[in-house]
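# Structure assessment
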Amino acid sequence: MTIASAARNLWQLYEPVHAVTYFAPQARIAFENAGLRGYWRGYFAGRAAPLGAVTAAPVAALFFSFAPAMVARAVPDVWQRATPEQALAARLTGAVAALRAIMPDEPARWVEAADLLEAAAGAAGTEGRALGAANAVLPRPSDALARLWQAATVLREHRGDGHIAALVNAELTGCQALVLRHGVHGGRDQLQPNRGWSDGEWDAAVGELAARGLVDGSGRATGEGLAVHRDVENRTDRLAAQPWAALSVAEQERLAGVLAPLATAANAVVPYPNPMGLPRR
């Protein structure tokens, strides 16, 4: 197994642990208690908070696939409701409460998984990776589940920054990336409304990709479109591989074994299909 394929396999195990912050009721309650009522206020404030009280433009740029108009409805208004520090505290409190409610009661497993994930996260290069860098310098919590969640978050944002670099390299806009994904896997009914694009914007992106030969008139990916999508995914894996060099192959395999039941538990609150592209396990 190459380190790039190991990076993908491990992502499928730690991403569900991170994703409780988006889907678990405990996370929603924590954001609401901080004054962030409404799902998207909690999402944008929680995810953007490591950057500080930023405006809509950098959030739209770094989150990439969201329509700028959707981002602008939440940011910077969320900072009038909760400071970035309050949003950070809420997201960690909610994530840990969610994990504590669903994880198998095996504290030794939590500690081992956190230690191994932290070793990889601590080795992650953050040049050109704004979300990965901002999360990497947050204070290290002491609780094992908090450490587990935070390390998973650093690694998933590091990977996400690389994924966006791969999409930009493929000369895809945020909306075009979603259209191409739909052309490969389907899912417009979820992708378009969850990222705020209008029918006109979506259809324009279909036309733009069709002009490049990546989709046909109905939006289905062509052979060339499938190749571009495959190249983006492969490049994402390669760009996400660097942190895992900090672990030996035996440690990577041990981490996969330790994380597997934790990922299974976290998957219980992750919908399928989902915006992150996680496969059903």
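Residues numbered from 1 in each chain as written. Predicted model: local features only at pLDDT ≥ 70, side-chain atom pairs only at ≥ 80, totals over all residues. Heavy atoms only, no water.

Of the regular secondary structure elements, the protein holds 15 helices and zero strands. At 18 Å, the protein has a C-alpha radius of gyration in line with the 19 Å of a compact globule built from 281 residues. Expressed as lengths along the three principal axes of its C-alpha atoms, the size of the protein is roughly 55 × 50 × 35 Å. Within the protein, contacts between residues at least 6 apart in sequence are counted, and of these 76% link residues at least 24 apart. Of the roughly 11900 Å² of accessible surface on the protein, a fraction of 55% belongs to carbon and sulfur atoms. Taking the average place of the 26 positive charges on the side chains of the protein and the average place of its 26 negative ones, the gap between the two points comes to 3 Å. (Helix = DSSP H or I, 4+ residues; strand = E, 2+ residues; numbered from the N terminus. Rg over C-alpha atoms; globule rule 2.2 N^0.38 Å. Contact = heavy atoms within 4.5 Å. Areas by Shrake-Rupley, 256 points an atom, 1.4 Å probe, with all protein chains shown as cover. Lys, Arg positive; Asp, Glu negative; His and termini not counted. Charge placed at Lys NZ, Arg CZ, Asp CG, Glu CD.)

With that out of the way, let us pick up the side chain of His229. Relative to the assigned elements, His229 resides in helix 14 (residues 223–239). Overall, His229 belongs to the buried group, its relative accessible area being 16%. Excluding anything up to four places from it in sequence, His229 contacts Leu180, Val184 and His185. (Buried < 20%, exposed > 50% of the residue type's maximum accessible area, 1.4 Å probe, protein only.)

With that settled, the discussion passes to unusual backbone geometry. With an omega of 10°, the peptide bond between Val75 and Pro76 qualifies as cis. Within the secondary structure, Pro76 is located in the loop between helix 5 (68–74) and helix 6 (78–81). In the segment running from Tyr272 into Pro273, the intervening peptide bond is cis, with an omega of -5°. The phi torsion at Phe64 lies on the positive side, around 70°, for a residue other than glycine.

Attention shifts here to the environment of Glu171. Residue placement: Glu171 occurs in the loop between helix 10 (144–169) and helix 11 (174–185). Taking the relative accessible area as the measure of exposure, Glu171 reaches 62% and is therefore exposed. For the pair Glu171 and Ala90, spaced 81 residues apart in sequence, the C-alpha to C-alpha distance is 36 Å. Discounting residues that sit within four places of it in the chain, Glu171 has contacts with Gln176 and Arg212.

What follows is about the packing of aromatic side chains. Scanning all chains against the criterion turns up 14 aromatic pairs. Between Trp40 and Phe44, the ring centres sit 5.8 Å apart and the planes meet at 40°, which makes this aromatic pair tilted. Taken together, the residues Trp40 and Phe44, both in helix 3 (residues 39–48) and four residues apart, mark about one turn of the helix. Ring centres of Trp40 and Phe66 lie 5.8 Å apart, and the angle between their planes is 80°; this geometry places the pair in the edge-to-face category. A residue pair is termed long-range when its members are at least 10 positions apart, and Trp40 in helix 3 and Phe66 in the loop between helix 4 (56–63) and helix 5 qualify at 26 residues. Owing to a relative accessible area of 28%, Trp40 belongs among the partly exposed residues under this scheme. Sitting over the face of the ring of Phe63, Arg47 holds its NZ or CZ atom 4.2 Å from the ring centroid. In this structure, Arg159 is placed above the aromatic ring of Trp11, and the distance from its NZ or CZ to the ring centre is 4.7 Å. (Phe/Tyr/Trp six-rings, centres within 6.5 Å; stacked < 30°, edge-to-face > 60°. Lys NZ or Arg CZ within 6 Å of the ring centre and 35° of its normal.)

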